[in-house]
Number of protein chains: 2
Amino acid sequence: MHTTHDLSRDDCARLLSAGVAGRVAVGTPNGPHIIPVNYAVDGESVLIRTTAYSLLGTYGRDAQLCFEVDQFDYELKRGWSVVVRGRGAFVHDQDELAEIARSWQPRPWATGQRNLIVRIPWTEVSGRQLGGGWDPWEHLPVRRLA
Amino acid sequence: MHTTHDLSRDDCARLLSAGVAGRVAVGTPNGPHIIPVNYAVDGESVLIRTTAYSLLGTYGRDAQLCFEVDQFDYELKRGWSVVVRGRGAFVHDQDELAEIARSWQPRPWATGQRNLIVRIPWTEVSGRQLGGGWDPWEHLPVRRLA
């Protein structure tokens, strides 16, 4: 068994920026939901594309959201996770949308139109690593190309 | 890009039963949190060990919880996910705890005492697969030994 270590904010930012898929939790009148999503990092915030009719589109506006990325190493029984929490904002400003379109070439894995962009600021960022003596950065499943 | 397919309840149960690590979401007065956890499947419910002082121990009792497992294939840009939702119950009954101890040899990845067991019944089960023509079962990172 391994002890748990907190990751620095720099490490969290690096791991968040490297990823392309994670999970977002949104509260609803019937309790929280977890939704797997593709995402991008823009400054100190996470961007997620969705639709107005989704759970995130219905309950995510001006609501506290939680976003998580992680990687489990089943063989070595270790892993890392980074969690971001912040108030979800829908991006409507045309200039901001144009800037996002320039910097974030959407490469979603799933088909379907997702015209709504939700921004989650990194108001709270925390990360954990299970087991010492290894660098999560060296064990990424994928790295976003700069 | 891939189209999304719903997984059958049997497929969801199979994938849930094969896993050992997932994520649970719990609502708090300050919005939802996502917590990576080791877990076991007991009948049609998910069992999670935690402590009375954790977020799950503080806000999970008799509260609607969401549990998720997934696997992303970054190279092929496909994946699957299974989500369970149900009302969290703390297991206090001594006979039930003894039965769980017999059937679930705890193999947590992290050190630390976790004496509180939270049960999440599979009141709602849903699963999604991104892309057809492949079997999530054939692409598991790990399978729990029977």
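Since the structure is predicted, the reported quantities are computational estimates derived from the model, not experimental observations.

Visitor: What is the right way to look at the pairing of strand 7 (residues 78–87) of chain A in this model?
Guide: Side chains on a regular strand alternate between the two faces of the sheet. All names here are of chain A. Burial analysis of strand 7 places 9 of its 10 residues in the buried class, the great majority of the element. Bridging between strand 7 and strand 10 (residues 124–130) involves 7 bridges; their strand directions are antiparallel. Across the sheet, residue Arg 85 finds its bridge partner in strand 10, namely Glu 124.

Visitor: Is there a simple way to think about the pattern of salt bridges in this case?
Guide: Note that side chains of opposite charge can pair when their charged atoms are close. As enumerated under the stated definition, the model contains 24 salt bridges over all chains in all. In this structure, A:Arg119 and A:Asp42 form a salt bridge, with 3.0 Å as the shortest nitrogen-oxygen distance. Remark: A:Asp42 occurs in the loop between strand 4 (40–41) and strand 5 (45–50) and A:Arg119 occurs in strand 9 (residues 116–121); sequence separation between them is 77 residues. Given a relative accessible area of 17%, A:Arg119 falls into the buried group. Given a relative accessible area of 27%, A:Asp42 falls into the partly exposed group. We note a salt bridge from B:Asp6 to B:Arg128, for which the minimum N-O separation is 3.0 Å. Of this pair, B:Asp6 sits in strand 1 (residues 4–6) while B:Arg128 sits in strand 10 (residues 124–130); the two residues are 122 residues apart in sequence, bridging distant segments of the chain. Through salt bridges with shared partners, one network takes in A:Arg23, A:Glu68, A:Asp70, B:Arg23, B:Glu68 and B:Asp70.

Visitor: Looking at this model, I keep getting lost on the relation of the copies chain B and chain A. Mind explaining?
Guide: Between the two copies of the chain lies a rotation about an axis combined with a shift along it. Superposition record for chain B on chain A: RMSD 0.0 Å, screw rotation 180°, translation along axis 0.0 Å. Here the two chains are linked by the operation of a two-fold rotation axis. Here 100% of the interface residues in chain B have copies in chain A that are interface residues too; the copies meet face to matching face.

Visitor: Mind showing me how you'd approach the side chain of B:His33 here?
Guide: Note on placement: B:His33 falls in strand 3 (residues 31–38). A polar atom in the side chain of B:His33 sits 3.4 Å from the side chain of A:Arg85. The residues touching B:His33, leaving out its near neighbours within four places in the chain, are A:Cys66, A:Arg85, B:Val24, B:Ala25, B:Val26, B:Thr28 and B:Leu55.

Visitor: Just to check I follow, could you spell out helix 1 (residues 9–18) of chain B for this structure?
Guide: All names here are of chain B. Within helix 1, burial applies to Cys 12, Leu 15, Leu 16 and Ala 18. For helix 1, the buried positions fall inside an angular range of 165° around the axis, keeping them on one side. Check the buried side of helix 1 and you find it contacts strand 4 (40–41), strand 6 (64–73), strand 7 (78–87) and strand 10.

Visitor: Is there a simple way to think about the environment of A:Asp62 in this case?
Guide: Residues and elements named next belong to chain A. Secondary-structure assignment places Asp 62 in the loop between helix 2 (55–59) and strand 6 (64–73). In this structure Asp 62 comes out as partly exposed when scored by relative accessible area, which is 49%. The spatial distance from the C-alpha of Asp 62 to the C-alpha of Gly 86 is 9.3 Å, given a sequence separation of 24 residues. Once residues within four sequence positions are removed from consideration, Asp 62 is found in contact with Arg 87 and Gly 88.

Visitor: How do you make sense of the sheet that holds strand 5 of chain A when you look at a structure like this?
Guide: Hydrogen bonds along the backbone pair up the strands of a sheet, which may run parallel or antiparallel. Strands sit in the order 4-5-9-8 (chain A) across an open sheet of 4 strands; the sheet is antiparallel. Of all the strands in the sheet, the pair left with one neighbour each is strand 4 and strand 8 (89–90) of chain A.

Criteria and thresholds
- Residues numbered from 1 in each chain as written.
- Chains lettered and ligands numbered in written order.
- Predicted model: local features only at pLDDT ≥ 70, side-chain atom pairs only at ≥ 80, totals over all residues.
- Heavy atoms only, no water.
- Buried < 20%, exposed > 50% of the residue type's maximum accessible area, 1.4 Å probe, protein only.
- Helix = DSSP H or I, 4+ residues; strand = E, 2+ residues; numbered from the N terminus.
- Pairing = 2+ DSSP bridges.
- Salt bridge = Lys/Arg side-chain N within 4 Å of Asp/Glu carboxyl O.
- Least-squares fit on C-alpha atoms with pLDDT ≥ 70 in both.
- Contact = heavy atoms within 4.5 Å.
- Polar contact = N/O pair within 3.5 Å; in protein donor to acceptor, adjacent residues only side chain to side chain.
- Arc of directions from axis to C-beta.

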